[in-house]
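# Descriptive analysis of the structure
Here are the chains, one letter per residue:
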Amino acid sequence: MERKWWHNSVVYQIYPLSFKDTSGNGIGDVNGIIEKLDYLKELGVDVLWLSPIYKTPLDDNGYDISDYYDIDPLFGTLEDAKRMLKEAHDRGIKIIMDLVLNHTSDEHVWFKKALDGDEYYKDFYVWRKGKDGNPPSDVQSIFSGSAWEYVEEMDEYFFHLFSKRQPDLNWENEVVRNELYKMINFWLDLGFDGFRLDVIDLIGKEVDNKIFSNGPKMHDYIQEMYRKCFEGRDVMTVGEMGGANIEMAKLVSDPERKEFSMLFQFEMIALDQVKGKSKWELKELDFDDLKNNIIKWQDGLSEVGWNSNFWNNHDQPRVLSRWGNTDPKYRELSAKVFAGVLHSLRGTPYVYQGEELGMTGYKFNDFSELKDVESLNMIEEFRGYGWSDEKILESIRVKGRDNSRTPMQWNDSNNGGFTNNEPWLLVNPNYKEINAESQVGNDNSVFTFYKKMIELRKKSEISDLLVYGKFENIPTNNKYLFVFQRKLDMQELTVVANFSNEYIKYDNEFISGNIIISNYDEEKITGNEVKPYQITIYLK
Ligand code: GLC
């Protein structure tokens with residue numbers, strides 16, 4: 001396969017609102033990102049993905065854009081963003097921006113003109129007449145309630161798959177598509193290195209036929225975007241495609257088809273919810289399901305396409321609280337197991353800010369602490385289904401998006417050093433124990449383990465093995481024990497990872513090679529058992 005720079009990159013996701021505040025408004029900003037570039041360089045990541053920093057009324061924390069061509073003053077200025085890019089490039093770090101193309105904010109000038117009755121702009125969005133005083137259909141918004149919002153002056157409804165302040169764009173209108181492509185080229189011309197494309201599997205939707213993800217025209221639109229924006233540029237693109245299965249993923253990430261470099265698929269994310277129900281209907285994770293899903297995707301894209309591997313992001317709870325162990329006795333060990341597995345799989349690894357410190361989710365005490373529109377809307381919806389407030393709160397604690405959005409914990413000073421003002425979202429009180437300052441330069445820290453894993457990927461002798469080596473699962477008789485190999489030419493890497501707090505009997509006679517990294521001291525590693533949350537990687 002043709003080699004690309006993003007095959008051996010490690011991407012770090014920055015959620016700007018919560019990264020580092022330098023202006024004192026309680027919200028992270030572009031200058032805060034610049035200030036922390038040396039920290040990121042120290043970690044060794046070489047691509048930053050920034051969640052949106054464009055102009056926004058913040059109804060959905062920036063995923064509601066009111067001007068695609070400018071930075072919101074809360075975050076800084078366009079000049080700051082250019083400086084950030086230069087400073088990053090000077091350190092060998094690339095930056096990809098977030099592109100929200102499925103919808104705009106209701107404060108975008110296109111939507112305002114549409115509301116003023118301008119037919120040209122009205123056709124930028126999706127409108128339908130109601131039926132006998134009811135919405136055009138029963139389609140529900142992902143953020144609760146009807147996906148149709150009535151506008152009295154027009155006597156019509158507009159369509160919104162997310163909040164009612166995020167009207168969906170009409171992708172069937174070629175003018176809309178060209179406007180978006182023009183904007184994409186604006187950012188590429190500034191020198192940005194690519195994009196993460198928000199809910200991009202929805203652009204081919206057919207509202208009247210109730211087809212949303214993977215609509216008939218989706219691939220055509222993506223290929224058109226490729227021709228008009230990415231062709232001839234050495235950029236990286238990752239499409240967020242919640243509805244993707246292996247077949248779709250192959251189509252999207254096969255370089256021959258000229259669509260995206262890779263995609264985020266969410267099959268794994270749904271393993272701890274009741275099948276066929278909303279994400280709020282909790283179910284305990286079966287580790288066999290998790291392993292099998294990883295194996296399925298590793299095998300599925302082994303010949304064609306490319307995986308992106310991640311444990312969490314700004315929409316998902318922190319993995320340590322979700323599937324790991326936050327007990328102080330195991331927290332660091334458990335975080336290192338996730339790190340070791342993430343960086344040993346085939347595909348591009350993504351680290352979500354704070355994951356490299358073993359940050360945990362905050363257990364919200366009551367609804368008043370929440371900020372996320374999805375959770376706030378959900379409360380009303382589920383009260384309507386008869387759920388008690390305790391049950392609702394429990395679901396939000398486990399699955400709510402504010403969970404992973406609490407500010408970065410830089411040091412043990414007030415607010416974890418994130419801001420010297422009131423933070424927009426509360427800081428997890430465990431910042432005194434879990435923070436960057438105490439971990440950088442500390443040999444045994446979670447940070448250093450991530451750093452070492454990233455170094456391995458970059459190290460010439462085994463870089464190719466880690467990046468391009470074939471994945472092979474080695475079946476075990478314990479669901480919490482995940483053993484797999486990577487093979488390339490004569491080289492062989494074996495990963496033995498225990499996702500539980502139990503000692504697991506394990507005859508590892510087939511493992512040959514030297515230990516290249518482990519979260520236990522080498523002397524303590526024996527041949528016939530795996531210790532609680534032990535991860536050990538062997539190289540032959
Ligand atoms: C994506 C984003 C999420 C946002 C939604 C609507 O899933 O990651 O944060 O709310 O799209 O834009």
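About the criteria used
Residues numbered from 1 in each chain as written. Predicted model: local features only at pLDDT ≥ 70, side-chain atom pairs only at ≥ 80, totals over all residues. Heavy atoms only, no water. Phe/Tyr/Trp six-rings, centres within 6.5 Å; stacked < 30°, edge-to-face > 60°. Helix = DSSP H or I, 4+ residues; strand = E, 2+ residues; numbered from the N terminus. Buried < 20%, exposed > 50% of the residue type's maximum accessible area, 1.4 Å probe, protein only. Lys NZ or Arg CZ within 6 Å of the ring centre and 35° of its normal. Salt bridge = Lys/Arg side-chain N within 4 Å of Asp/Glu carboxyl O. Near = heavy atom within 4 Å. Polar contact = N/O pair within 3.5 Å; in protein donor to acceptor, adjacent residues only side chain to side chain. Areas by Shrake-Rupley, 256 points an atom, 1.4 Å probe, with all protein chains shown as cover. 1 Å grid on protein atoms, 1.4 Å probe; cavity = no way out; pocket = protein on both sides within 12 Å on 5 of 7 lines; lining within 4 Å. Sits in = over half its atoms within 2 Å of the grid points. Points joined across faces, edges and corners; volume = space filled by probe spheres on them. Nonpolar A, V, L, I, M, F, W, Y, C, P; charged D, E, K, R; others polar.

### Observations regarding the packing of aromatic side chains
If you walk through the whole model with that rule in mind, you get 42 aromatic pairs. A ring pair is formed by tyrosine 12 and phenylalanine 19, whose centres lie 6.4 Å apart and whose planes are at 70 degrees; its orientation type is edge-to-face. Residues tryptophan 311 and phenylalanine 499 carry aromatic rings whose centres are separated by 6.4 Å and whose planes lie at 65 degrees to one another, so their mutual orientation is edge-to-face. Of the two residues, tryptophan 311 is situated in the loop between β12 (308-309) and α10 (319-323) and phenylalanine 499 in the loop between β16 (491-498) and β17 (504-505); the sequence distance between them amounts to 188 residues. The class of tryptophan 311 is buried, set by a relative accessible area of 2%. Looking at phenylalanine 499, the relative accessible area reads 6%, which means it is buried. Taken together, Tyr12, Phe19, Tyr39, Trp410 and Phe447 form an aromatic cluster joined through their ring pairs. The cationic tip of lysine 94 hangs over the ring face of tryptophan 5; the distance from NZ or CZ to the ring centre is 4.5 Å. Over the ring of tryptophan 280 we find lysine 279, and its NZ or CZ is 4.8 Å from the ring centre.

### Thoughts on the pattern of salt bridges
Enumeration over the complete set of coordinates arrives at 45 salt bridges. Ionic pairing is found between aspartate 168 and lysine 205, a salt bridge with its closest N-O pair at 3.1 Å. Here the residue aspartate 168 occupies a position in the loop between β8 (156-159) and α6 (174-189), and lysine 205 occupies one in the loop between β9 (194-197) and α7 (218-230), the gap between them amounting to 37 residues. Both residues of the pair, aspartate 168 and lysine 205, belong to the buried class. Arginine 405 serves as the salt-bridge partner of aspartate 315, at 3.1 Å between the closest nitrogen and oxygen. Note that aspartate 315 is positioned in the loop between β12 and α10 and arginine 405 in helix α14 (residues 402-405), a separation of 90 residues in sequence. Across the pair, exposure class does not vary: aspartate 315 and arginine 405 are buried alike. One salt-bridge network, in which partners are shared between bridges, spans Asp60, Lys279, Asp315, Asp372, Glu374, Arg401 and Arg405.

### Quick look at the site of the ligand
Residues in contact with the ligand amount to 13 residues; listed here are only the nearest, Asp60, Arg196, Asp198, His314 and Asp315. In the model, an oxygen atom of the ligand is placed 2.9 Å from a nitrogen or oxygen of the histidine 103 side chain. Protein contacts shield 96% of the accessible area of the ligand, which totals 310 Å² for the unbound molecule. The pocket occupied by the ligand, as judged from atoms lying within 2 Å of grid points, is the largest pocket.

### Description of empty space enclosed by the protein
Here the structure, examined in full by the defined rule, presents 5 cavities of 30 Å³ or more. The computed volume of the largest cavity comes to approximately 200 Å³. For the lining of the largest cavity, the elements supplying multiple residues, two or more each, are α9 (287-300) and β12. Looking at side-chain class alone, the lining of the largest cavity contains 8 nonpolar, 6 polar and no charged residues. Each pocket or cavity is described by its volume, and for the second largest cavity that value is around 70 Å³. What lines the second largest cavity is simply Asn312, Arg318, Val319, Leu320, Ala335, Phe338, Glu355, Gly358, Met359 and Tyr450. Listed by contribution, the elements that provide at least two residues to the lining of the second largest cavity are α10 and α11 (331-344). Partitioning the lining of the second largest cavity into residue classes produces 6 nonpolar, 2 polar and 2 charged.

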